[in-house]
Amino acid sequence: MVNTTIKTTKSQEIFAAAQNLMPGGVSSPVRAFKSVGGQPIVFDRVKDSYIWDVDGNQYIDYVGTWGPAICGHAHPEVIAALHEALEKGTSFGAPSVLENLLAEMVIDAVPSMEMVRFVNSGTEACMAVLRLMRAFTNREKIIKFEGCYHGHADMFLVKAGSGVATLGLPDSPGVPKAVTSSTLTAPYNDLEAVKALFAENRDEIAGVILEPVVGNAGFITPDAGFLEGLREITHEHGALLVFDEVMTGFRIAYGGAQERFGVTPDLTTLGKVIGGGLPVGAYGGGRDIMSMIAPAGHVYQAGTLSGNPLAMTAGIKTLELLQRPGTYEYLDQITQKLADGLLQIAKETGHEACGGHISAMFGLFFTSGPVHNYEDAKKSDMAKFARFHRGMLERGVYLAPSQFEAGFTSLAHTEADIHQTLVAAREVLCNL
Ligand SMILES: *Cc1c(COP(=O)(O)O)cnc(C)c1O
């Protein structure tokens, strides 16, 4: 039996002070551990597959700064490239060749992209893509799916409460009804619901945006034919199909979900991995659509720090590392070992569970499943997940502090890390 009482004095001190300074003590909500209870740990440094907190505890990390750390934290080649770039300055606010380099890499990789615009976050990419969808089609309504996250812009903060699926009720105070009334929602994996929305809103829907593999309602995969069906329906109605690949881009395959599933959307948003841990987002698509963006066209979108040389450098080096042979085979192999192992152990220890993985993205729900959509995901036993999370944390494994987040592995995760994680999981699940 390992010692399950970890010392967290410094974490507690720092987080207590933070709560006085910043709302909830954090810069982004999930970090506060609200949905799993207890105190968050305060990080001191990260390296490879590990994090160290301010009290000196070491953890195996399956959050990977929410996705970017696919090569492992603080990869020496990324750090070296950044050191070199740093000498040339931190921001230009003017064109640099680094933007060309990353743009070429992204366009080469992502089937739907002929042109790309860099921004500073996934949120920004999704906001901009929505404006572009509307401008290109001259229509205002969009369809999104329950449980899919596209950043925190007003028009995406809509979920479907029971019976109000198409009413577009805002999720957050401060979001005007007028803004969300043109956001229609459907359950994920439900083509009939999408068809019905198109029938009810003929010639009014600019397009459909989705996570082609969901990571923000826990890990949910598209049913066979779902992505293809959306491609057909949108074509039929002169609407655009947008894959939000902020999470899946360069993670579930080098060319993202669109490469993996062979379905090419009209527009794609990216973020996370392409910044290699620095703030980057991007959106892109066909030349005809992208040429509408200012200053080539009239759809306005700008950014003081967009195309930032440090962010471009980290992105370029990260993609270079991912291009090396064996990358996705390795990611798939270790992630499968982890995901299968967790599921197997959960079942052996008498828990209802379902889950899976694609490449370096995985999930585990405490429900018998299957989980096809957000409603199914919500059947997962949250209280059990919270206890599981805490137990794993105490045994040196850092999982996302919410049932509704996918887990991430990286090239730095070793067989030994996976083994150690499964040993911890068995101990925790035996006593849950
Ligand atoms: C993380 C995420 C976003 C938002 O990106 P930020 O960089 O956090 O603004 C948008 N869409 C998806 C699918 C994401 O996973």
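Residues numbered from 1 in each chain as written. Predicted model: local features only at pLDDT ≥ 70, side-chain atom pairs only at ≥ 80, totals over all residues. Heavy atoms only, no water.

> Go over the sheet that holds strand β12 (residues 361-365) with me, naming the residues and quoting the values.
The three strands lie next to each other as β11-β12-β14, forming an open sheet whose pairing is antiparallel. A single partner strand is all that each edge strand has here, and the edge strands are β11 (354-358) and β14 (407-408). As defined by bridge partners, β11 adjoins β12 across five bridges and the pair is classed as antiparallel. Bridge pairing in β12 links Gly-355 to Leu-364. Packing of helix α11 (residues 327-348) onto the sheet brings it into contact with β11 and β12, and relative to β11 it is tilted by some 180 degrees. (Pairing = 2+ DSSP bridges. Helix = DSSP H or I, 4+ residues; strand = E, 2+ residues; numbered from the N terminus. Contact = heavy atoms within 4.5 Å. Axes fitted to C-alpha atoms, helices over the stretch in contact; angles between N-to-C directions.)

> Report on the site of the ligand, specifying residues and quantitative values.
The environment of the ligand is made up of Ser-121, Gly-122, Thr-123, Tyr-149, His-150, Gly-151, Glu-211, Asn-216, Asp-244, Val-246, Met-247 and Lys-272. Contact between the ligand and Gly-122: an oxygen atom at 2.9 Å from a main-chain N or O atom of the residue. The separation between an oxygen atom of the ligand and a polar side-chain atom of Thr-123 is 2.6 Å. Relative to its unbound accessible area of 380 Å², the ligand is 83% covered by the protein chains. Of the residues that constitute the shell around the ligand, the class distribution is three nonpolar, six polar and three charged. (Near = heavy atom within 4 Å. Polar contact = N/O pair within 3.5 Å; in protein donor to acceptor, adjacent residues only side chain to side chain. Areas by Shrake-Rupley, 256 points an atom, 1.4 Å probe, with all protein chains shown as cover. Nonpolar A, V, L, I, M, F, W, Y, C, P; charged D, E, K, R; others polar.)

> Lay out the pairing of strand β9 (residues 267-270) in plain terms, naming residues and giving numbers.
Of the two faces of β9, the one lined by Leu-267 and Thr-269 and the one lined by Thr-268 and Leu-270 are each fully buried. Two elements, strand β8 (residues 240-244) and β9, share three bridges in a ladder whose sense is parallel. By the bridge assignment for β9, Asp-244 is matched with Thr-269. Read as a crossover between parallel neighbours, the route from β8 over helix α8 (residues 256-261) to β9 is right-handed. Where β9 lies against strand β10 (residues 281-285), four bridges are found, and the strand directions are antiparallel. Considered in β10, the bridge of Thr-268 is made with Gly-284. (Buried < 20%, exposed > 50% of the residue type's maximum accessible area, 1.4 Å probe, protein only. Right-handed = clockwise from strand over helix to strand, strands pointing away.)

> Can you explain the pattern of salt bridges? Please cite residues and give values.
Following the criterion strictly, the structure yields 12 salt bridges and no others. Put simply, Glu-427 and Arg-395 hold a salt bridge, and the shortest N to O gap is 2.7 Å. Of this pair, Glu-427 sits in helix α14 (residues 415-430) while Arg-395 sits in the loop between α13 (382-394) and β13 (397-398), and the two are 32 residues apart along the sequence. Using a relative accessible area of 16% as the deciding quantity, one classes Arg-395 as buried. (Salt bridge = Lys/Arg side-chain N within 4 Å of Asp/Glu carboxyl O.)

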